[in-house]
Each structure stands twice: as structure tokens, then as C-alpha cells.
2 protein chains.
Amino acid sequence: MRTPAELTERFRAQGLKITPQRVAVFDALHDNPTHPTAESVHSAVVARMPTVSLRTVYQTLNDLAEMGEISRLEVGTGSARFDPNVEERHHHLVCESCGMVRDLHVEVAPELGDDVPEGFEVVGAELVVRGRCRSCADKD
Amino acid sequence: MRTPAELTERFRAQGLKITPQRVAVFDALHDNPTHPTAESVHSAVVARMPTVSLRTVYQTLNDLAEMGEISRLEVGTGSARFDPNVEERHHHLVCESCGMVRDLHVEVAPELGDDVPEGFEVVGAELVVRGRCRSCADKD
DNA sequence: ACACAATCTGCAACCATTGTTAGAAATAAA
DNA sequence: TTTATTTCTAACAATGGTTGCAGATTGTGT
Ligand SMILES: [Mn+2]
Ligand SMILES: [Mn+2]
Ligand SMILES: [Zn+2]
Ligand SMILES: [Zn+2]
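Each value, and the rule that gives it
Residues numbered from 1 in each chain as written. Chains lettered and ligands numbered in written order. Predicted model: local features only at pLDDT ≥ 70, side-chain atom pairs only at ≥ 80, totals over all residues. Heavy atoms only, no water. Least-squares fit on C-alpha atoms with pLDDT ≥ 70 in both. Contact = heavy atoms within 4.5 Å. Donors = N, O, S within 2.8 Å, 3.2 Å for Na, K, Ca; no water. Buried < 20%, exposed > 50% of the residue type's maximum accessible area, 1.4 Å probe, protein only. Pairing = 2+ DSSP bridges. Helix = DSSP H or I, 4+ residues; strand = E, 2+ residues; numbered from the N terminus. Axes fitted to C-alpha atoms, helices over the stretch in contact; angles between N-to-C directions. Tetrahedral: all angles 85-135°; square planar, octahedral: opposite > 155°, others 65-115°.

Q: Can you walk me through the relation of the copies chain A and chain B in this structure?
A: When chain A is fitted onto chain B, the two copies agree to an RMSD of 0.1 Å after a turn of 179° and an axial shift of 0.1 Å. Viewed as a symmetry operation, the transformation between the two copies matches a two-fold axis. In terms of C-alpha distance to the rotation axis, chain A has Leu-127 of chain A as its closest residue, with the C-alpha 2.2 Å off the axis. Same-surface contact between copies: 100% of interface residues of chain A are shared with the interface of chain B.

Okay, here's the thing in C-alpha cells:
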């Protein structure tokens, strides 16, 4: 994801308005490595602007995802996770116990072509590694 | 997944009762390569036993998953998919346009250990390859 | 400052899934 | 077979996450 300042540019270029709510979402995502849910982005935003609705957060997250500035992950933790790191191709590590999501910089399936049926256009590939993180394992 | 007959055995062994509803679910899953949703299992079951509720189908699918007879996949198509193929380890190919899910027999990330943080207990890894299937690509 | 289009909020609706419970059905005991 | 025990089913309500909607509000170019 670009910096909040650059996003402001891009939004303007598309005829979209710059509102304080949107900027607050940009800020909440910027350099955020936690793969937050919409709910947790909302919490962060509300800490500074108490009136912002969850609906608006979803709206902005969807807009950013549509522009390719962030990506939306479904890792089976109930709610979608949003990832501002679209620059580096990477995969994810998920703790099944606390829901933590971490980046995993691993190259995946080199000879993928072999088993993909003729005519299928591959768009992307996501690896999710599941397990328990250290702090969850220590708990019992 | 075992045959419906063998599942009948296993259910009895666990003190679970054999009902026609359950047998119908066993039958719907047996040798089914489509990775059906609960809804589509329900449709198949209802074709023979019109009164079976969706709740009962979910119940049985959960029981089977808990026993390890089937697995539940979250591939981002909205609803969970159920996979009776737990014998062969494999991954999946998903058409983003029609939701089709196909098996992908590919070996994944051999040197995975490198980037997994110390103390994280890996339970499993799932690769999802996304794109458009041939018939969807042909449509436009 | 004005006008207009885009946006925000609050709420209702939606979808997939699970909780609840009274009555029905399968199994075990007699 | 009849009865007793235990589990299951169906129907319905409730949940969590997300989106649709409408009227009030607010950026933005003039
Ligand atoms: Mn990431
Ligand atoms: Mn499969
Ligand atoms: Zn954890
Ligand atoms: Zn398709």
C-alpha cells in the first residue's frame, strides 16, 4: 500500500473525495503488519474519531482492495483480514488458537503447471500454514 | 472417507445412532469429487428424503469432520466446502468465477521450516490456486 | 458562498452457520 | 415384543460478518 499522502492523490485522481474518515483508515493501515479485521481497523479509527461507522470502514477497505492497494484474505478465522503489503509476494502463517496472521516469505510450488488443467487461467496462489503460535502453545 | 457401510460401523462404535438422514449424507458424499457446500449436500439429500433439514446436514458434516472422515475447506467462495478425500494429501484449484473446486496434486514448499518462527507448531498447510476455469473463460 | 455530486451514518437485510428444545426414532433391556 | 433409555431430528430463533439503502451531511470546483 502507498503512503496516506499518495493514496490521497490516487483517490482524487479517481474523482473520489478525501474525507477525514478515509484518511483515518489510511493511517490505521499504513505499515500495519497485523492483518487486521474490519472490526479492528474500526477500533483504531474510532479511537481518534469516535463517530466513524463500521460501514464506512468496510466501504473504504473495499475501495482500497478494488484499487489493488490492499488485499483481502480469507484465512478461516471467521472474518476477512486486510493486508496492506501488496508489494512483496508472500504467504501466511495462521494460529488456529488466537487468530494471529503472520507473513511467510516462502516460494511455493515451482512446478505448478503440471497439474493445472489445460485452459485454466491461473491468477494467483495462496499458501496458508496453520498451527499454534508460541504464546498460545505456552499457555497450556 | 470410508464407505457408507464402514461409516455405519464407526458411528455405532462411538455410540452414535444410524438414521436414514445420516446414511443419506454418507451417500451424498461418497466418491463425490465436487467439494460440495452444506447447501448442495442438502439438495442431494432432499432429492431422496424431502423432509431432511439443512441443520441435520450441518450436524452430520461436522460429526464427520470431527472424526476425520472428511475435511472442511474455506476457499473464499462464501460458504465452506466439504472434501471426502482425506486419504491423499492434496491442494486445490478454485475458479473465482463459478466457484468450482478441483484437486491439485502438487508438492508444496519443501523448505518451509526456514521462515516459520521458532516455537510455532505447524499443523498443516493449504495451497489455493485461483483463476478462471476453461468453461468460464470461454463464456466471454 | 453556491450548487452538486459523493459520502457518511444508522439501520435493516442478508447469508452461512449454530443454539435450543420438544417430539420422534433408534437401540438396549426386559 | 414391549418397554426403557438415549440420541436425533425438525423447526425456529439467534448469531456474526458483511452489504443494501435512504436521508442527512460534507468535500470540491466554480
Ligand atoms: Mn501478509
Ligand atoms: Mn480435494
Ligand atoms: Zn496464537
Ligand atoms: Zn469457472
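From this point, the discussion proceeds with the structure in view.
Q: Teacher, can you tell me more about the coordination of the manganese ion (ligand 2) here?
A: Reference values for angles at a metal are 109.5 degrees in the four-donor tetrahedral case and 90 or 180 degrees in the six-donor octahedral case. Residues and elements named next belong to chain B. Protein-derived coordination of the manganese ion (ligand 2) comes from His-35 (NE2), Asp-83 (OD), His-90 (NE2), His-92 (NE2) and Asp-103 (OD), at a distance range of 2.0 to 2.2 Å. Among the residues examined, His-35 registers a relative accessible area of 1% and is labelled buried. Look at Asp-83 and you get buried, because its relative accessible area is 2%.

Q: Is there a simple way to explain the sheet that holds strand β4 (residues 101–104) of chain A in this structure?
A: Backbone hydrogen bonds are what pair the strands of a sheet, in a parallel or an antiparallel way. Ordered by their spatial adjacency, 6 strands build an open sheet running β4(A)-β3(A)-β5(A)-β5(B)-β3(B)-β4(B), and the pairing between neighbours is mixed. The strands lining the two open edges of the sheet, one partner per strand, are β4 of chain A together with β4 (101–104) of chain B. If you compare each strand with its neighbour and ignore which way they point, the axes differ by 30° on average. Summarising the sheet, strand β3 (residues 91–95) of chain B and β4 of chain B pair through 4 bridges and their orientation is antiparallel. Note on β4 of chain B: the bridge partner recorded for His-91 of chain B is Leu-104 of chain B.

Q: Just to check I follow, could you spell out the coordination of the zinc ion (ligand 4) for this structure?
A: Residue and element names in this part refer to chain B. The protein atoms donating to the zinc ion (ligand 4) are Cys-95 (SG), Cys-98 (SG), Cys-133 (SG) and Cys-136 (SG), with metal-donor distances spanning 2.2 to 2.3 Å. Of note is the zinc ion (ligand 4), whose 4 donor atoms meet at the metal with angles of 105 to 116° in an arrangement that counts as tetrahedral. For the zinc ion (ligand 4), all donor residues lie on one chain, and their spacing in sequence is C-x2-C-x34-C-x2-C. Note that Cys-95 is positioned in strand β3 and Cys-136 in helix α5 (residues 134–138), a separation of 41 residues in sequence. Cys-95 sits in the buried class, given a relative accessible area of 1%. A relative accessible area of 4% means that Cys-136 is categorised as buried.

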